[in-house]
Amino acid sequence: MEDLIFAAAKVMSVWLTVVFTLIVLPSVFGASLGISELYMRILVKTLEWATIRIQKGVKQEQAMALKNSASSGIIQRDETTMEKEIAGLHRVDFELSDVFYFSKKGIEAIVEDEVTQRFSSEELVSWNLLTRTNVNFQYISLRLTVVWVLGVLIRYCLLLPLRVTLAAIGIVSMIVGTTLVGQLPNSKENRPQKGGICVANHTSPIDVLILTNDGCYAMVGQAHGGLMGLIQRSTVKACPHVWFERSEMKDRHLVTKRLREHIADKNKLPILIFPEGTCINNTSVMMFKKGSFEIGGTIYPVAIKYDPQFGDAFWNSSKYDIVSYLLRIMTSWAIVCNVWYMPPMVREEGEDAVQFANRVKSAIARQGGLTELSWDGGLKRAKVKDTFKEQQQKNYSKMIVGNGSTGNPTMGAE
């Protein structure tokens with residue numbers, strides 16, 4: 001037994017020495033031995049080879065169908081608005097045929113709505129040798145299966161211990177092998193400044209780690225329980241972060257007050273806010289809550305887009321707790337992320353908080369190549385509000401009343 005303990009201690013000592021010499025020590029001096037770059041080149045070549053093998057193993061028609069379904073979804077949507085489609089029937093009053101429009105939209109939502117699919121992992125056109133991104137995987141070839149088995153051994157027996165060791169040592173920027181690319185020209189000038197507010201789209205808790213590679217922030221967000229809550233409570237001791245319960249309106253007023261006081265002091269760190277209020281699956285940007293844009297100050301937009309080829313960074317908090325999520329992250333091939341620091345924006349004259357929030361959201365979506373949606377990310381855990389359904393009913397009523405009163409066979413002023 002003593003020999004076994006001694007051997008384990010010896011292995012651990014050698015392991016820590018190698019990690020410290022090849023990774024920790026060079027990072028302290030801002031140097032690199034090129035290990036990460038070599039690993040990424042080998043990984044890209046391996047995934048390209050796997051893609052070719054898969055394409056040879058299935059029919060071309062099936063491959064094209066997979067590509068189309070991953071890019072455009074199950075159904076082809078008609079984006080014609082209610083006013084245009086119903087008005088195109090050329091009549092001045094209600095007709096039973098109006099029901100067809102609402103029936104079609106309802107069936108589209110049942111088959112594949114554009115909201116709930118944003119709360120599940122992003123679909124990949126080609127497999128990245130992770131079963132979590134291809135649950136319907138079928139045997140194709142012996143060589144591909146052997147490569148997959150080797151990949152499992154590498155990810156769980158080498159990468160996972162390495163990343164856990166680095167996390168224990170405290171090298172935060174190395175935990176997930178993050179690579180930052182895609183910055184805009186003059187992005188250094190666009191970095192959030194003290195007294196400002198940094199807003200970004202939200203995919204994962206590690207969004208914070210990625211952004212703090214370039215600077216320090218005071219964070220604002222929802223209070224969590226478990227391990228995440230422990231981390232939040234610990235960080236408050238080092239920096240004046242603001243954690244609050246979304247269900248308590250008193251906290252919201254307190255948060256607004258504390259944020260205004262924070263940005264009024266130009267010596268304090270910039271505030272980091274994710275206005276969506278929840279994690280979205282790296283394909284879209286959903287509604288920005290207006291609260292972040294009511295307090296004044298300069299907004300520094302940041303667009304974040306992960307490369308799904310190497311790993312799924314999205315945190316589905318309804319399905320995985322933080323420990324399970326971190327295990328998935330640390331057993332991925334890598335987490336590669338594009339970050340764009342965009343020019344600062346301020347609220348224009350005559351622009352309300354909602355309009356300002358939408359303008360910032362549109363800029364982030366365009367820069368990151370993300371789909372812009374007007375839906376509230378809170379629908380991940382809540383039903384559509386009755387006020388939204390009532391608004392659609394009012395729009396239809398106004399259109400019909402307008403047509404009837406004006407005699408216009410197309411549309412009234414509405």
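Before any of the text, the structure's been laid out above.
Owing to the predicted nature of the structure, the values given are computational and were not obtained by experimental measurement. (Residues numbered from 1 in each chain as written. Predicted model: local features only at pLDDT ≥ 70, side-chain atom pairs only at ≥ 80, totals over all residues. Heavy atoms only, no water.)

(A) Focus on the overall build of the chain. A tally of helices and strands in the chain yields 13 helices and nine strands. Per-residue burial over the chain gives 36% buried out of 414 residues. In the chain, 76% of the contacts between residues at least 6 apart in sequence involve partners at least 24 apart. (Helix = DSSP H or I, 4+ residues; strand = E, 2+ residues; numbered from the N terminus. Buried < 20%, exposed > 50% of the residue type's maximum accessible area, 1.4 Å probe, protein only. Contact = heavy atoms within 4.5 Å.)

(B) The nonpolar core, seen in detail. Among the nonpolar cores identified, the biggest contains 26 residues, and V199, V220, F293, V360 and I364 are the most heavily contacted of them. Ranked by the residues each element gives to this core, the list is headed by helix 12 (residues 353–368), at six residues. Setting aside residues no more than four positions away along its own chain, V360 makes contact with V199, F288, F293, I299, P301 and M345. (Core = buried A, V, L, I, M, F, W, Y, C linked by side-chain atoms within 4.5 Å.)

(C) Representation of a nonpolar patch on the surface in the model. A cluster of nonpolar side chains, namely L142, V146, V149, L150, L153, I154 and L158, defines an oily patch on the protein surface of about 600 Å² accessible area. In this fold, L142 is placed in helix 6 (residues 142–169). Exposure remark for L142: the relative accessible area of 59% places this residue in the exposed category. (Patch = residues over 30% accessible without salt bridge, like charges linked within 9 Å, V, L, I, M, F, W, Y side chains within 5 Å. Areas by Shrake-Rupley, 256 points an atom, 1.4 Å probe, with all protein chains shown as cover. Salt bridge = Lys/Arg side-chain N within 4 Å of Asp/Glu carboxyl O.)

(D) Up close: the packing of helix 1 (residues 2–28) against helix 6. One can describe the packing of helix 1 onto helix 6 by two numbers: an axis separation of 11 Å at closest approach and a directional angle of 75°. Accordingly, the angle class assigned to the pair helix 1 and helix 6 is roughly perpendicular. From helix 1, W15, L16, V19, I23 and V24 reach across to helix 6, where they touch L158, P161, L162, T165, L166 and I169. (Axes fitted to C-alpha atoms, helices over the stretch in contact; angles between N-to-C directions. Parallel < 35°, antiparallel > 145°, perpendicular 65-115°, else oblique.)

None of this, on its own, says anything about what the molecule does.
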